[in-house]
Amino acid sequence: MVYTRPPNIEAKLVELRALTREQALERCKFRQWDDPAYVPSECVLHLVRACREDDRSVYFEMLYSILAKRVWQPLAKATGGEGKTLSLTPSRIRETAFDKFVDLLVHDRSIYQDQLDYYEVRFNHAVAALLVDAQRKVLNETKKAAPFEIDAETGTLSAEVERTGDSFDPFNPAKLQSEDYRSSLDAAIDALTPDHRKIVEMKRLGFPIDSKDPAVTTIAKTLQKSEKTIRTYLDDAYAQLRAWLTKGESR
């Protein structure tokens, strides 16, 4: 389906294209929507997608950080904030919606995701629809047993899992030269749970887990999880990948 941007969005994009990257970035930092210099989220998303071939630059990382907040904040507001007394279901709905958006954006880096086009036309409405879909999914899904015990608060894994994932690098450049290995690796990643797969995909794209530089887009900040939790999930995912790939090699 072909979408047409509203005139005000098109006009703002024309205005932004006349600026340098530094100037456009500064404009995107404005938070008050009624400020004449405010850049609509539709435009921020367009700028993020437009630098697909330059996704390691500070410009991209800072834009991505601004965009992530533009998505997370309305989701948090709609699901009751982030207080410690928040029940599990609203929290899962919020995280499921946010994770879906991140999935789309991560995959858009390599393969154009036309689902994101509507966000460039009516961003707030698209985020609201994302939340509705997440609510339906969370309320209807059945729980599946996790392959390993994970404490989301402490990030504790069994010693066996830690040893398994500790030294394994699924993206070893030497191994990636093999087409058979790459095929097996893709199949193994597809078999992971959504949370594990998302972290592995972001790691594969070169996003750091954490950084002392607040301007750097990291996996921990993007997924709104602690550094320790991300490392726990990544170790768990790598352990599962190694088990899958080892099993494949033995056949």
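Residues numbered from 1 in each chain as written. Predicted model: local features only at pLDDT ≥ 70, side-chain atom pairs only at ≥ 80, totals over all residues. Heavy atoms only, no water.

The next point concerns the overall build of the protein chain. Counting secondary structure elements, the protein chain contains 12 helices and zero strands. For the protein chain, the α and β elements follow one another from N to C terminus as α-α-α-α-α-α-α-α-α-α-α-α. Looking at the protein chain residue by residue over its 251 residues, the buried ones come to 42%. Considering only residue pairs separated by 6 or more positions, the protein chain has 63% of its internal contacts joining residues 24 or more positions apart. As displayed, the protein chain has an accessible area near 14500 Å², and 51% of this comes from carbon and sulfur atoms. (Helix = DSSP H or I, 4+ residues; strand = E, 2+ residues; numbered from the N terminus. Buried < 20%, exposed > 50% of the residue type's maximum accessible area, 1.4 Å probe, protein only. Contact = heavy atoms within 4.5 Å. Areas by Shrake-Rupley, 256 points an atom, 1.4 Å probe, with all protein chains shown as cover.)

With respect to the element layout, Gln-73 can be found in helix H4 (residues 58-78). Residue class for Gln-73 comes out exposed when judged on its relative accessible area of 51%.

What follows deals with the packing of aromatic side chains. Counted by the stated rule, this structure contains eight aromatic pairs. Their ring planes at 45° and their centres at 5.1 Å tell us that Tyr-3 and Tyr-118 sit as a pair that is tilted. Separated by 115 residues along the polypeptide, Tyr-3 in the segment before helix H1 (7-17) and Tyr-118 in the loop between helix H5 (88-108) and helix H6 (123-140) bring together distant segments of the chain. Ring geometry for Trp-72 and Phe-98: centres 5.0 Å apart, planes at 85°, overall edge-to-face. Taken together, the residues Trp-72 in helix H4 and Phe-98 in helix H5 connect sequence positions 26 residues apart. The pair formed by Trp-72 and Phe-98 is uniform in burial state, with each residue classed as buried. An aromatic cluster is defined as three or more aromatic residues linked by ring pairs; in this entry it consists of Phe-60, Tyr-64 and Phe-207. Its end group placed over the ring of Tyr-112, Arg-49 keeps NZ or CZ at 4.5 Å from the ring centre. (Phe/Tyr/Trp six-rings, centres within 6.5 Å; stacked < 30°, edge-to-face > 60°. Lys NZ or Arg CZ within 6 Å of the ring centre and 35° of its normal.)

Moving on: the nonpolar core. Phe-101, Tyr-119, Val-200 and Leu-241 are the most contacted members of the largest nonpolar core, which has 64 residues in total. Here this core takes 12 residues from H4, the largest share from any one element. Residues in contact with Phe-101, not counting those within four places in the same chain, are Leu-45, Leu-67, Val-71, Leu-116, Tyr-119 and Leu-130. (Core = buried A, V, L, I, M, F, W, Y, C linked by side-chain atoms within 4.5 Å.)

Turning our attention to helix H3 (residues 41-50). Among the 10 residues that make up H3, nine are buried, leaving the element largely enclosed by the rest of the structure. Three or more residues of H3 are buried, namely Ser-41, Glu-42, Cys-43, Val-44, Leu-45, His-46, Leu-47, Val-48 and Arg-49.

H6 packs onto H4 with a crossing angle of 55° between their chain directions and a minimal axis gap of 10 Å. When the interaxial angle is binned, H4 and H6 end up oblique. For H4 against H6, the interelement crossing comes out right-handed. Contacts from Leu-67, Arg-70, Val-71, Pro-74, Leu-75 and Ala-78 of H4 reach H6 at Phe-123, Val-127 and Leu-131. Within the contact of H4 with H6, the residues separate by chemical class into eight nonpolar, no polar and one charged. (Axes fitted to C-alpha atoms, helices over the stretch in contact; angles between N-to-C directions. Parallel < 35°, antiparallel > 145°, perpendicular 65-115°, else oblique. Left-handed = near helix turned anticlockwise from the far one by under 90°. Nonpolar A, V, L, I, M, F, W, Y, C, P; charged D, E, K, R; others polar.)

What follows covers the confidence of the model for the protein chain. Low pLDDT marks stretches whose predicted atomic positions should not be read closely. On average, residues of the protein chain score 79 in pLDDT, and 82% of them are at 70 or above. With pLDDT under 50 throughout, residues 142-166 is counted as low confidence; its partners more than four residues away or in other chains account for 29 contacts. (pLDDT = per-residue confidence, 0-100.)

This part takes up the pattern of salt bridges. Under the counting rule described, the total for this entry stands at 14 salt bridges. Residue Arg-27 pairs with Glu-15 through a salt bridge whose shortest N-O separation is 2.7 Å. Of the two residues, Arg-27 sits in helix H2 (residues 21-28) while Glu-15 sits in helix H1, which places them 12 residues apart along the sequence. Three or more residues are tied together by salt bridges with common partners; here these are Arg-5, Glu-10, Arg-49, Asp-108, Asp-117 and Glu-120. (Salt bridge = Lys/Arg side-chain N within 4 Å of Asp/Glu carboxyl O.)

Turning to the packing of H3 against H4, a few remarks are in order. Here H3 crosses H4 at 145°, and the two axes come no closer than 9 Å. At the point where H3 passes H4, the crossing takes the left-handed sense. For the pair H3 and H4, the contacting residues are Ser-41, Val-44, Leu-45, Leu-47 and Val-48 in the first and Tyr-59, Phe-60, Leu-63, Tyr-64, Ile-66, Leu-67 and Arg-70 in the second. Tallied by class, residues from the contact of H3 with H4 come to 10 nonpolar, one polar and one charged.

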